Amino acid sequence: MRSTEPGRQHRKVCSRGAATAAITVLAAGALAACSTGSGLKINLYVSPENNLQHVVDECTKAAQGRYEIVYHKLPRSADGQREQMVRRLAAGDTSLDVLGLDVTWVPEFAEAGWVEEWTGAAQAEAVRDVLQGPLSTARWNGKLYAATKHTNVQLLWYDDRVVGQPPKTFEAMMALAQQLKTQGKAHNIVFTGAQYEGLVVFYNTLVASAGGHILSDDGKSVVMDEGAVRALELLKTLTTAGITDPSLANQKEDEVRQAFQRGQAALELNWPYVYASYSKEKPQDLAHVRWTRYPSVVPGEPSRVTIGGFNLAVSTFSPHKPEAFEAALCLRRAESQKYQAVEDGLAPTIASVYDDTTPLDPTRPAAANNPTMQGQFPMKADILAALAHAAIRPLTPAYQSLSTVISKVLSPPSEIDPRATADELRKRLTDALNSKDIIP
């Protein structure tokens, strides 16, 4: 652990000119002290992202020497990320400044007192032009505890050489897969079926799309209504029809992506990064990659796809809160979100970014090495449409325990007994809410 006042000795009063150039939206309402080469470091802890370092470097430049943002990569698995931060925050570690939180962690971290509430000018900037679905994941009990970095909703991906007209419902999708199977063609429907958060996301989408609920709206009691049971029935049918990958129970996002990319599946339910990965790894076939909205569970009703993504929070124990709020705002500003949308396929949370037609470098014409949102993120209209009807995972400080229970009970999906599984989930989720017999 480091002292609660590290770097204080490096601070100097900044000139009026430097102050004017600085980002002035700070949580404390005060301008951060500044001096070139001050030695002050703002530690960012977030999951590994291919091009986030570029964004970090740009925001360090924007600080004009007042501080340097240091990107600490957390483990790749969500459980590993959360575990590392929880252990350090529980011990009051002052070396964490800006935290990258999965959208499901905000209630837990806020309730534990580990992250600061966003207020004043910082809050106003953090919510400006942000889509309502993603913004709801940054709030807890009516207060804002994070700024949205990027969002995510899954789409249905297909190859137009295999699938002509994409299915609009799950029933039609399963019928198409059976037809392709009869014809001896690639036919599998691939999605995240392993025992982890990806399976929970898939099930939550089915529940919401069926009009059901796992928990009450206030997150305090278990519901598991008829919509939740209908989702179990659909999951059972889908995974026992001979149209899913034999290794379904071990497949996570990247295994799913690679199976589709290798031509081993006809239909893929996955995140938008599929397009960016395909364009880099198999550009010769990119022209045949197509996408559409997630299929409906109830005919005539739009699917309600579970929101993913990350938010940025400021640690309660950070000794540099004004700078941390400033850095977080820069890391998720429109320019930053556009860059990561184009380079990494991460869906922006700021509405205006979707309408941006300029290349990444506005001083040069658009080209292969100077891409635009439209060129590298062509699925943006379908993402916006999905976000307009999106679902969120149950908001509760106990979400990690709930997720552990759901993924365990649903694995493998082929062994689900809808009514009995619903009863088991109802009991075990109630225990999880009451902190009984659960190891997160």
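Before going into details, it helps to say that this report is about the structure given with it.

What counts, and where the lines are drawn
Residues numbered from 1 in each chain as written. Predicted model: local features only at pLDDT ≥ 70, side-chain atom pairs only at ≥ 80, totals over all residues. Heavy atoms only, no water. Pairing = 2+ DSSP bridges. Helix = DSSP H or I, 4+ residues; strand = E, 2+ residues; numbered from the N terminus. Contact = heavy atoms within 4.5 Å. Axes fitted to C-alpha atoms, helices over the stretch in contact; angles between N-to-C directions. Phe/Tyr/Trp six-rings, centres within 6.5 Å; stacked < 30°, edge-to-face > 60°. Buried < 20%, exposed > 50% of the residue type's maximum accessible area, 1.4 Å probe, protein only. Right-handed = clockwise from strand over helix to strand, strands pointing away. Disulfide = S-S within 2.5 Å.

### Details of the sheet that holds strand E7 (residues 155-159)
- Read across the open sheet, the four strands follow the order E8-E9-E7-E10; overall the sheet is mixed. Because the sheet does not close on itself, it has two edges, and the strands there are strand E8 (189-190) and strand E10 (289-292).
- Across four bridges, E7 lies against E10 in antiparallel orientation. Across the sheet, the residue bridging to Asp 159 is Val 289, located in E10.
- Docked against the sheet, helix H10 (residues 253-261) engages E7, E8 and strand E9 (267-270), running at close to 155° with respect to E9.

### Remarks on the packing of aromatic side chains
- In total, this model carries 10 aromatic pairs according to the counting rule given.
- Aromatic side chains Trp 157 and Trp 291 sit 6.0 Å apart centroid to centroid with 55° between the ring planes, which places their arrangement in the tilted category. Placement of the pair is Trp 157 in strand E7 and Trp 291 in strand E10, with a sequence separation of 134 residues.
- On the accessibility criterion, Trp 157 (0% relative accessible area) is buried.
- Each residue in the set Trp 105, Phe 109, Trp 114 and Phe 310 is aromatic and connected to the rest through ring pairs, giving one cluster.

### Here we look at the pairing of strand E2 (residues 68-73)
- Where strand E1 (residues 41-46) meets E2, six bridges bridge the pair, whose relative direction is parallel. For Asn 43, the partnering residue across the bridge sits in E2 and is Val 70.
- Taken together, E1, helix H2 (residues 52-62) and E2 constitute a β-α-β crossover, and its handedness is right-handed.

### Observations regarding the pairing of strand E6 (residues 147-152)
- Among the six residues in E6, six count as buried, and that is most of the element.
- Sheet topology places E6 next to strand E11 (residues 308-314); five bridges connect them, and they run antiparallel. In the strand pairing of E11, Asn 152 is matched with Gly 308.

### Overview of the sheet that holds E2
- Strands sit in the order E2-E1-E3-E11-E6 across an open sheet of five strands; the sheet is mixed. Since the sheet does not close on itself, it has two edges, and those belong to E2 and E6, each with one partner. This sheet shows a mean twist of 20° between the axes of neighbouring strands, independent of strand direction.
- Both E1 and strand E3 (residues 98-102) contribute to a ladder of two bridges, which runs parallel. Bridge pairing links Tyr 45 to Leu 99 in E3.
- Helix H12 (residues 321-331) contacts E1, E2, E3 and E11 of the sheet and is inclined by roughly 155° relative to E11.

### Concerning the state of the cysteines
- Inspection of the entire model under this criterion finds one disulfide.
- Here Cys 59 connects covalently by a disulfide to Cys 330, the sulfurs 2.2 Å from one another. In this structure, the disulfide formed by Cys 59 and Cys 330 twists by about -95° around the S-S bond and is classed as left-handed. With Cys 59 in helix H2 and Cys 330 in helix H12, this pair connects stretches of sequence that are 271 residues apart.

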